[in-house]
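In case you want the letters, here they are:
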Amino acid sequence: MSLRILVTGGAGYIGAHTVRLLLEQGHDVTVVDNLSKGYRHNVPAGRLDVLDLADTGALAQLMREKRPEAVIHFAGFIAVGESMREPERYFANNVGGSLSLLTAMVQASVKHVVFSSTAAVYGNPHTNPILETFPIQPVSPYGESKVMVETLLGWFDQIHQLTSVSLRYFNASGADPAGQLGEEHEPETHLLPLLLRAVITGSPITVFGDDYDTPDGTCIRDYIHVNDLAQAHILAVEYLLGGGATDRFNVGTGTGHTVMEMIRVVEEVTGKKVPYVTGPRREGDPLSLVAAAGKLRTKLGWRPQYTDLRTIVEHAWNFAKTRPIESLP
Ligand code: UFG
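These numbers come from a predicted model, not from an experiment.

Thoughts on unusual backbone geometry
Turning to step 1, where the next piece is worked out: Here the amide bond leading from N128 into P129 is cis, since omega sits at -5°, within 30 degrees of zero.
Turning to step 2, where the next piece is worked out: Cis peptide bonds are those with omega within 30 degrees of zero, and the linkage from E186 to P187 qualifies with 0°.
Turning to step 3, where the next piece is worked out: Mapped onto the elements of the fold, P187 is located in the loop between strand 7 (171–173) and helix 6 (191–201).
Turning to step 4, where the next piece is worked out: If you check the backbone angles, S109 has positive phi at about 60° while not being a glycine.

A short note on the site of the ligand
Turning to step 1, where the next piece is worked out: Near the ligand there are 21 residues, and of these H190, L191, T206, R221 and D285 occur at the shortest range.
Turning to step 2, where the next piece is worked out: Between the ligand and N171 there is a distance of 2.9 Å, counted from an oxygen atom to a side-chain nitrogen or oxygen.
Turning to step 3, where the next piece is worked out: The fraction of the free accessible surface of the ligand (690 Å²) that becomes covered by protein chains is 91%.
Turning to step 4, where the next piece is worked out: Put simply, the parts of the chain that give the shell around the ligand at least two residues each are helix 6 and strand 8 (205–208).
Turning to step 5, where the next piece is worked out: Counting residues per element, the shell around the ligand draws most heavily on strand 8, at four residues.
Turning to step 6, where the next piece is worked out: Taken together, the residues that form the shell around the ligand break down as 13 nonpolar, five polar and three charged.
Turning to step 7, where the next piece is worked out: Split by domain, the residues of the shell around the ligand number at least three in each of domain 1 (4–172 + 224–251) and domain 2 (191–221 + 254–327).

Section: the environment of S109
Turning to step 1, where the next piece is worked out: Relative to the helices and strands, S109 resides in the loop between helix 4 (87–107) and strand 5 (112–118).
Turning to step 2, where the next piece is worked out: Among the residues examined, S109 registers a relative accessible area of 56% and is labelled exposed.
Turning to step 3, where the next piece is worked out: When the C-alpha positions of S109 and R67 are compared, they lie 8.8 Å apart, and in sequence the two are 42 residues distant.

Brief notes about the confidence of the model for the chain
Atomic detail in the predicted coordinates should be set aside for any region of low pLDDT.
Turning to step 1, where the next piece is worked out: Residues with a pLDDT of 70 or more make up 98% of the chain, whose mean pLDDT is 96.
Turning to step 2, where the next piece is worked out: Model confidence for the chain, summarised as mean pLDDT per element, is weakest for helix 3 (residues 80–85) at 92 and strongest for strand 6 (residues 163–169) at 99.

Quick notes on helix 2 (residues 56–66)
For an α-helix the count is 3.6 residues per turn, leaving residues at separations of three or four pointing the same way.
Turning to step 1, where the next piece is worked out: Taken as a whole, helix 2 has its buried residues at L59, A60, L62 and M63. The buried side chains of helix 2 occupy one side of the element, clustering within an arc of 160° when seen end-on.
Turning to step 2, where the next piece is worked out: Buried-residue contacts for helix 2 involve strand 1 (4–8), strand 2 (28–33), strand 3 (48–50), strand 4 (70–73) and helix 4.
Turning to step 3, where the next piece is worked out: Just beyond helix 2, the residue with positive phi is R67, at close to 45°.

So, the side chain of E183
Turning to step 1, where the next piece is worked out: The topology assignment puts E183 in the loop between strand 7 and helix 6.
Turning to step 2, where the next piece is worked out: Buried and without a salt bridge, E183 has R197 as its closest oppositely charged side chain, separated by 8.9 Å.
Turning to step 3, where the next piece is worked out: Within the local environment of E183, its side chain forms a polar contact with the side chain of H185, the two groups lying 3.4 Å apart.
Turning to step 4, where the next piece is worked out: With near-sequence residues (within four places) excluded, E183 lies in contact with Y13, A172, S173, E188, H190, P193 and F319.

Calculation criteria
Residues numbered from 1 in each chain as written. Predicted model: local features only at pLDDT ≥ 70, side-chain atom pairs only at ≥ 80, totals over all residues. Heavy atoms only, no water. Helix = DSSP H or I, 4+ residues; strand = E, 2+ residues; numbered from the N terminus. Near = heavy atom within 4 Å. Polar contact = N/O pair within 3.5 Å; in protein donor to acceptor, adjacent residues only side chain to side chain. Areas by Shrake-Rupley, 256 points an atom, 1.4 Å probe, with all protein chains shown as cover. Nonpolar A, V, L, I, M, F, W, Y, C, P; charged D, E, K, R; others polar. Domains from an automatic or database assignment. Buried < 20%, exposed > 50% of the residue type's maximum accessible area, 1.4 Å probe, protein only. pLDDT = per-residue confidence, 0-100. Arc of directions from axis to C-beta. Contact = heavy atoms within 4.5 Å. Lys, Arg positive; Asp, Glu negative; His and termini not counted. Salt bridge = Lys/Arg side-chain N within 4 Å of Asp/Glu carboxyl O.

Below you can see the structure in the form of structure tokens.
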């Protein structure tokens, strides 16, 4: 069945991969993005409306025209460190923008939304793997902004019968296997693209801390392929359209890898040494974040395709090596 889907933030990394998958699966997609972080070249021609989420009236008007069956809401700021310096921007953009979007959805009678949430809602979990029922205790305005939107979504369900799925992402990584889309944040803060840049430019990356209580002293994360993450959004839309109730799901593989493991795999895949230095811990980094991902599998039938770290790195490398070196900082 072909669906009409409105995607906010569809010019960004995860949004663009999801748009591509939706189109491949025969759905009709409208992208809303203000291009403050995303890139026009990530969106197929004719699909992009350059619009800010703060413009409730324009969003409602667009939804009345396009009549989407559901919205997938990616648009938002994502940098934890930046949110510690500029919390007001994070609350205004992430919470204010989401509230405006939900208001427009009510005005246009659009009843379902899939929301980009994050593992950061759990803060520093007492143990791993992390279940959805673990305490919600974010340690950054970024994480808090996502918690606040999850809370809004609960109220919009209760009062306006607007149902939602919040997907709490672990570490989105990798790239479209065809090599046309990939991760392009500016500034880049994420481990894998920075490792690949280090290989390309020869400038060393800093490993943030090697004295954690882990097998090699570096932090453990659950790296999930961006296409598997994208597929979770499509399953979530189908679940909501099938009458599924508002819910929250982790999206991760259930397997953790250390920073040093990632460096080894990058070296294997690229055939080059990763130049790195070891520095102090980065403030706010939890020792380990690994998803218990059973709920998504059981309730939505999610089956990740690319669980091998090597495949994730290969796809990211296929993309990164096509970028002109002069475009790298
Ligand atoms: N790391 C380094 N050096 C770097 C960059 C990262 O050693 O230059 C390490 C970090 O310390 C961490 C791991 O690599 O141990 C992964 O770091 P990322 O910045 O790639 O990702 P995070 O786990 O910090 O953040 C991710 C998402 C956030 C989300 C968070 C949940 O990118 O959006 O998970 O806690 F909020």
